[in-house]
Amino acid sequence: MDFSSKLLENAVYEMSQLPGIGKRTALRLVLHLLKQPEDQTSRLALALENLRKEIKFCENCHNISDVALCEICSNPRRDKSMVCVVEDIRDVMAIENTSQYKGLYHVLGGKISPMEGVGPQDLTIASLVKKVKLGEIKELIFALSSTMEGDTTNFYIYKQLEGVPVKTSTIARGIAVGDELEYADEVTLGRSILNRIPFENSLKAN
Ligand SMILES: [Zn+2]
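How each quantity is defined
Residues numbered from 1 in each chain as written. Predicted model: local features only at pLDDT ≥ 70, side-chain atom pairs only at ≥ 80, totals over all residues. UniProt positions renumbered as here; feature names shortened; annotations may be inferred. Helix = DSSP H or I, 4+ residues; strand = E, 2+ residues; numbered from the N terminus. Buried ≥ 20, exposed ≤ 12 C-beta atoms within 10 Å, placed from the backbone. Pairing = 2+ DSSP bridges. Contact = placed C-beta atoms within 7 Å. Domains from an automatic or database assignment. Right-handed = clockwise from strand over helix to strand, strands pointing away. Expected span 1.5 Å × (residues − 1). Arc of directions from axis to C-beta.

- Per an unreviewed UniProt entry, the protein chain goes by Recombination protein RecR and derives from Pseudozobellia thermophila.
- According to the UniProt record, the Function (unreviewed entry) comment for the protein chain is "May play a role in DNA repair. It seems to be involved in an RecBC-independent recombinational process of DNA repair. It may act with RecF and RecO."
- Its UniProt record gives the protein chain the following Sequence similarities (unreviewed entry) comment, quoted word for word: "Belongs to the RecR family."

Structural data, given as structure tokens:
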């Protein structure tokens, strides 16, 4: 792409670093911003800057939060004996939308993936294991997508907790293999949490 302006080229380049945004789309977005009032761009830039500067991760569940302890963890009506293990905030949002789950979450920040160079130490697994060993958590519900990486991660955590008195279960696989949680409809996802099965059973099925 030949640009008549270095300023335009830089803006397009930065925009095209986002996932799913090619150079053409980036150019369209930048030209769109140029047509809008200047403060529209300022608000966008400021929102992104504030997000990066001020975002916090809940010290208990590692979910993205504006405060040290997120709204879910600090809610006295949530069942603290139950923890649902998910990959990221999108899964928390999807499960919250079902209104079927009243326990807490633990956000791993990804899945174990040797192909992508993600090991257990890159995730919040150690913090989860430590939390479970404190003894207040009675049930751990694995709700990672049923991909090979998801299964590997579940199994790794399960092995780390060998001998620890905690019930482990996995959401019912009404969700087709490989589907991401965020794309499951609310009714299906809600049901799969209610109809969860002991984790051991899911191992035998494979
Ligand atoms: Zn939290």
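1. Considerations on the overall build of the protein chain
No. 1: In terms of helices and strands, the protein chain carries eight helices and seven strands.
No. 2: Oriented by its inertia axes, the alpha-carbon framework of the protein chain measures out at about 65 × 35 × 35 Å.
No. 3: Scored against the burial criterion, the 206 residues of the protein chain give a buried share of 26%.

2. Digging into the sheet that holds strand β6 (residues 167-170)
No. 1: One open sheet holds the five strands; their spatial order is β4-β3-β5-β6-β7, and the pairing between them is mixed. At either margin of the open sheet sits one strand with a lone partner, and together these are β4 (103-107) and β7 (197-198).

3. As for the environment of F199
No. 1: Among the secondary structure elements, F199 is positioned in helix α8 (residues 199-205).
No. 2: Among the residues examined, F199 registers 19 C-beta atoms within 10 Å and is labelled partly exposed.
No. 3: When the C-alpha positions of F199 and L140 are compared, they lie 9.4 Å apart, and in sequence the two are 59 residues distant.
No. 4: Sequence-distant contacts of F199, defined by excluding residues within four places in its chain, comprise F142, N154, Y158, T168, S169 and T170.

4. Remarks on the domain arrangement of the protein chain
No. 1: Taken as a whole, the protein chain is organised into domain 1 (6-54) and domain 2 (64-205).
No. 2: Taking only C-alpha atoms, the centre of domain 1 and the centre of domain 2 are 35 Å apart.

5. What to know about the pairing of strand β3 (residues 79-86)
No. 1: Alignment of β3 against β4, held across five bridges, turns out to be parallel. By the bridge assignment for β4, V83 is matched with L104.
No. 2: Once you follow β3 into helix α4 (residues 89-98) and on to β4, the crossover reads as right-handed.

6. Looking at helix α6 (residues 148-160)
No. 1: In a regular helix each residue adds 1.5 Å, so 13 residues correspond to 18 Å; α6 covers 18 Å between its end C-alpha atoms and thus fits that length.
No. 2: Among all positions in α6, only G150, D151, T153, N154 and I157 are buried. Angularly, the buried residues of α6 cover 165° about the axis, an arc narrow enough to put them on a single face.

7. Some thoughts on the pairing of strand β5 (residues 139-142)
No. 1: With four bridges connecting them, β3 and β5 associate as parallel partners. Of the residues in β5, the one forming a bridge with V83 is L140.
No. 2: One ladder, built from four bridges, connects β5 with β6; its direction is parallel. Bridging across to β6, E139 finds its partner in K167.
No. 3: Once you follow β5 into α6 and on to β6, the crossover reads as right-handed.

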